[in-house]
Amino acid sequence: MSKKYDFRNSTPVLLRGAYLSLHRHAHARYSEAAQVTADQYVFMSMLEEEGGITQKELGQRAYSDANTTTNMLKLLEKRGLVERKTDLRDRRAIRVYLTPEGRRVKKIVDATHLSLNPGLRELMDPEKHPVVVQWLRNVLAAYAEDYQQQKKDKPGRIANAG
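So, on to the packing of aromatic side chains. Scanning all chains against the criterion turns up one aromatic pair. Relative to Y41, the ring of Y30 lies with its centre 4.9 Å away and its plane at 50°, an arrangement referred to as tilted. Residue Y30 is found in helix 1 (residues 11–34), and its partner Y41 is found in helix 2 (residues 38–49); the two are separated by eleven residues along the sequence. Each member of the pair, Y30 as well as Y41, carries the same accessibility label: buried.

In structure tokens, the structure reads:
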């Protein structure tokens, strides 16, 4: 007799549950520290690493679609945390920068973010951490590439799926 498929314990469902649980936990902590969402913190962190990237590049690095990226930047800009400037070399492109206030707020949230890592690491055998990280990178690379290909093959049909 074949074993029944256990959907609730499948890798995709467990990954989704773990991600959503961690996301909600981080969101609550970041919001408490500086009224910043977990997604806003990701955008701000990427801009701190490399300010002046285009809005399109920022969205790609954050694995966000164009609409999500635009809306997120509007909220951050309204709070004075980022600024968008037209690229002087390519007037069609918009470059995004953290403002001094954005850097100040991000530093506040950094302490909260760093406090989350030890708790996560305690849940895992230290020897397995590098293996898990590499596996997550492999999954991300495989499926991010697949998603980008789907967008090319069927533009507009999966725009809100990411």
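Read across the sheet, three strands follow the order 1-3-2 without closing on themselves; strand pairing throughout is antiparallel. In the strand order of this sheet, the two ends are held by strand 1 (53–54) and strand 2 (82–86), each with one partner. Helix-sheet contacts for helix 2 involve strand 1, strand 2 and strand 3 (94–98), and the interaxial angle to strand 3 is about 95°.

Residues L15, V132, W135 and L136 make up a contiguous nonpolar surface patch of roughly 310 Å² in combined accessible area. Ranked by residues supplied to the nonpolar patch, first place goes to helix 6 (residues 129–153) with three residues. Considering the arrangement of structural elements, one finds V132 in helix 6.

This part is about helix 4 (residues 66–78). Its 13 residues give helix 4 an end-to-end C-alpha distance of 18 Å, which sits within 8% of 18 Å, the value for a rise of 1.5 Å per residue. Among the residues of helix 4, T69, M72, L73 and L76 are the ones counted as buried. Summarising the axial view, the buried residues of helix 4 lie within an arc of 100°, below the 170-degree limit, and thus occupy one face. In this structure, the buried side of helix 4 is in contact with helix 2, helix 3 (55–61), strand 2 and strand 3. Where helix 4 begins, the capping side chain belongs to D65, and its oxygen is found 3.0 Å from the backbone nitrogen of N67. Trailing helix 4 by a residue or two, G80 shows a phi angle of about 75°, which is positive.

About the cut-offs
- Residues numbered from 1 in each chain as written.
- Predicted model: local features only at pLDDT ≥ 70, side-chain atom pairs only at ≥ 80, totals over all residues.
- Heavy atoms only, no water.
- Phe/Tyr/Trp six-rings, centres within 6.5 Å; stacked < 30°, edge-to-face > 60°.
- Helix = DSSP H or I, 4+ residues; strand = E, 2+ residues; numbered from the N terminus.
- Buried < 20%, exposed > 50% of the residue type's maximum accessible area, 1.4 Å probe, protein only.
- Pairing = 2+ DSSP bridges.
- Contact = heavy atoms within 4.5 Å.
- Axes fitted to C-alpha atoms, helices over the stretch in contact; angles between N-to-C directions.
- Patch = residues over 30% accessible without salt bridge, like charges linked within 9 Å, V, L, I, M, F, W, Y side chains within 5 Å.
- Areas by Shrake-Rupley, 256 points an atom, 1.4 Å probe, with all protein chains shown as cover.
- Salt bridge = Lys/Arg side-chain N within 4 Å of Asp/Glu carboxyl O.
- Expected span 1.5 Å × (residues − 1).
- Arc of directions from axis to C-beta.
- Polar contact = N/O pair within 3.5 Å; in protein donor to acceptor, adjacent residues only side chain to side chain.

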